[in-house]
Amino acid sequence: MLSAVRIKPDVYWVGAVDWNARSFHGYSTEDGITYNAYLILDEKVTLIDTAKITFKDELLARISSVIDPSKIDILVCNHVEMDHSGNVPTIKELNPNVRILASAPQGVKGLTAHYHDLGFEGVKTGDTLEIGKRTLTFVQTPMVHWPDNMVTYDAYDKILFSNDAFGQHFASSTRFDDENDLGEVMKQARKYYANIVQPYRMQAANAVKAVRKLGPDAIDIIAPAHGVCWRSHVADILDAYENVYTSGKLEEKALVAYDSMWGSTDKMAHAIADGFLAAGVPVRLMDVKCTHISDVMEEFLDCKYVAMGSPTLNSQMMPPMAELMTYMKGLSPKNECRVGIPFGSYGWAPLGPKSIASELEGVGFDLPLGTLACNWIPDQAYLDDLRQKIVDLAK
Ligand SMILES: Cc1cc2nc3c(=O)[nH]c(=O)nc-3n(C[C@H](O)[C@H](O)[C@H](O)COP(=O)(O)O)c2cc1C
């Protein structure tokens, strides 16, 4: 039976677990997804967020295990995206008098565009709403991940309903960080940041500042809209957001991502990786034929050295590399300290590696070695020289 999960007295997780989701708008979700909604039983019964429309039955079954869903008085919509708002019309149908709150003006505008005018009410940063013994405080967090995003703080229970911030795509049968392998949860939190929140680094950093402002003892639980709730590792996830994800600090690490048709660019990739290892720099080598672009971007997040390689195919780079370049540009990882190493093989005109170079330059990379283009198949002397160039660069 699908039941609600109590996360504090009178506060329940009533979301849905999408065990089989393997792609979320192009992001690979090997561990599945959850759509988290939270129910607060107070004088005014309040629901925070809903779930994707296809999980209507699961959402309603979990709510029904504690209360008749038509008794929901207030629905707080922290984010317009349909994985959270998909069942807003469902709740409205069940109780036409429900008050539906979203950020002003973007949340109200966005919900109206998605579901027509259901009488949405706008709230702004610092606005509060008494629902009984609890008072909810709203803080707008624009662009974490859309312009409408906001978080809701419940000071009575010390819960921050953070929506996309601090989320992870991680389906599990338990609802808390400490009930799961922390390494796996942190890895998914990092991948989530790298693929969803990264373009809005400053806004995410501001959201963390707003959380810090609440004070060191203000939060028992961070309850995001995806993945598990942070209870035992609140400090760890705040620290990761502050000091790793949003800090812009780069580690002495290297990523080598590439494609190859006949093995020449692959040989170059291995020589580059060997060079980094010889210089004592940890490296990850990722052939994009067998590595998803969202995994490449997770690795990319705090790498100082980024080597990207492609042979030349019909005067272009290989399409899987072009896909990665487009995706990387969208995530706008501008960082003037990042070192780019474009490389690849060609037959008669090195346009594959050259177009990689111009894409890397376009996102602000420094290219100290220029474009490393090899005509046809690299021999051992070429590979030794390439390896040495990397050693010299990294040292
Ligand atoms: C379908 C095809 C199209 C190619 N088009 C070009 C091209 O437009 N310009 C060029 O310089 N080389 C071209 N080449 C040659 C490759 O770039 C060359 O074989 C290179 O060494 C392949 O590197 P790889 O072993 O890493 O795949 C082409 C090769 C193939 C198979």
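Residues numbered from 1 in each chain as written. Predicted model: local features only at pLDDT ≥ 70, side-chain atom pairs only at ≥ 80, totals over all residues.

1. Observations concerning the packing of helix α9 (residues 293-300) against helix α10 (residues 319-330)
Link 1 in the chain: Here α9 crosses α10 at 50°, and the two axes come no closer than 10 Å. When the interaxial angle is binned, α9 and α10 end up oblique. In terms of crossing hand, the pair formed by α9 and α10 is right-handed. On the side of α9, the interface is formed by I293, V296 and M297, while α10 contributes E323, L324, Y327 and M328.
Link 2 in the chain: Tallied by class, residues from the contact of α9 with α10 come to six nonpolar, no polar and one charged. (Axes fitted to C-alpha atoms, helices over the stretch in contact; angles between N-to-C directions. Helix = DSSP H or I, 4+ residues; strand = E, 2+ residues; numbered from the N terminus. Parallel < 35°, antiparallel > 145°, perpendicular 65-115°, else oblique. Left-handed = near helix turned anticlockwise from the far one by under 90°. Contact = placed C-beta atoms within 7 Å. Nonpolar A, V, L, I, M, F, W, Y, C, P; charged D, E, K, R; others polar.)

2. So, the nonpolar core
Link 1 in the chain: Y38, L75, V256, I272 and A307 are the most contacted members of the largest nonpolar core, which totals 116 residues.
Link 2 in the chain: With seven residues, helix α5 (residues 182-197) is the largest single contributor of residues to this core.
Link 3 in the chain: Counting the residues that make up this core, at least three belong to each of domain 1 (5-244) and domain 2 (254-394).
Link 4 in the chain: Excluding anything up to four places from it in sequence, Y38 contacts V11, Y12, W13, V14, I48, F161 and A223. (Core = buried A, V, L, I, M, F, W, Y, C linked by C-beta atoms within 7 Å. Buried ≥ 20, exposed ≤ 12 C-beta atoms within 10 Å, placed from the backbone. Domains from an automatic or database assignment.)

3. Overview of the domain arrangement of the protein
Link 1 in the chain: Entries for the protein in the domain assignment read domain 1 (5-244) and domain 2 (254-394).
Link 2 in the chain: Spacing between the C-alpha centres of domain 1 and domain 2 amounts to 38 Å.
Link 3 in the chain: In this assembly, nine residues from domain 1 lie in contact with 12 residues from domain 2.
Link 4 in the chain: Secondary structure elements with two or more residues in the side of domain 1 that touches domain 2: β5 (27-28) and α5.

4. Some remarks on the site of the ligand
Link 1 in the chain: With respect to spatial proximity, 17 residues lie near the ligand, and among them M261, W262, T265, P311 and G347 are the closest.
Link 2 in the chain: When contributions to the shell around the ligand are tallied by element, the ones reaching two or more residues are α8 (264-278) and β20 (339-346).
Link 3 in the chain: When the residues that make up the shell around the ligand are grouped by side-chain class, the tally is eight nonpolar, nine polar and no charged. (Near = placed C-beta within 6 Å.)

5. Observations regarding the sheet that holds strand β10 (residues 99-103)
Link 1 in the chain: Across the sheet, which stays open at both edges, the seven strands sit in the order β1-β2-β7-β8-β9-β10-β11 with mixed pairing between neighbours. Edge strands, defined here as strands with exactly one partner in the open sheet, are β1 (5-8) and β11 (121-123). On average, adjacent strands in this sheet sit at an angle of 25° to one another, irrespective of strand direction.
Link 2 in the chain: The sheet strands contacting helix α4 (residues 106-115) are β10 and β11, and the helix crosses β10 at an angle near 120°. (Pairing = 2+ DSSP bridges.)

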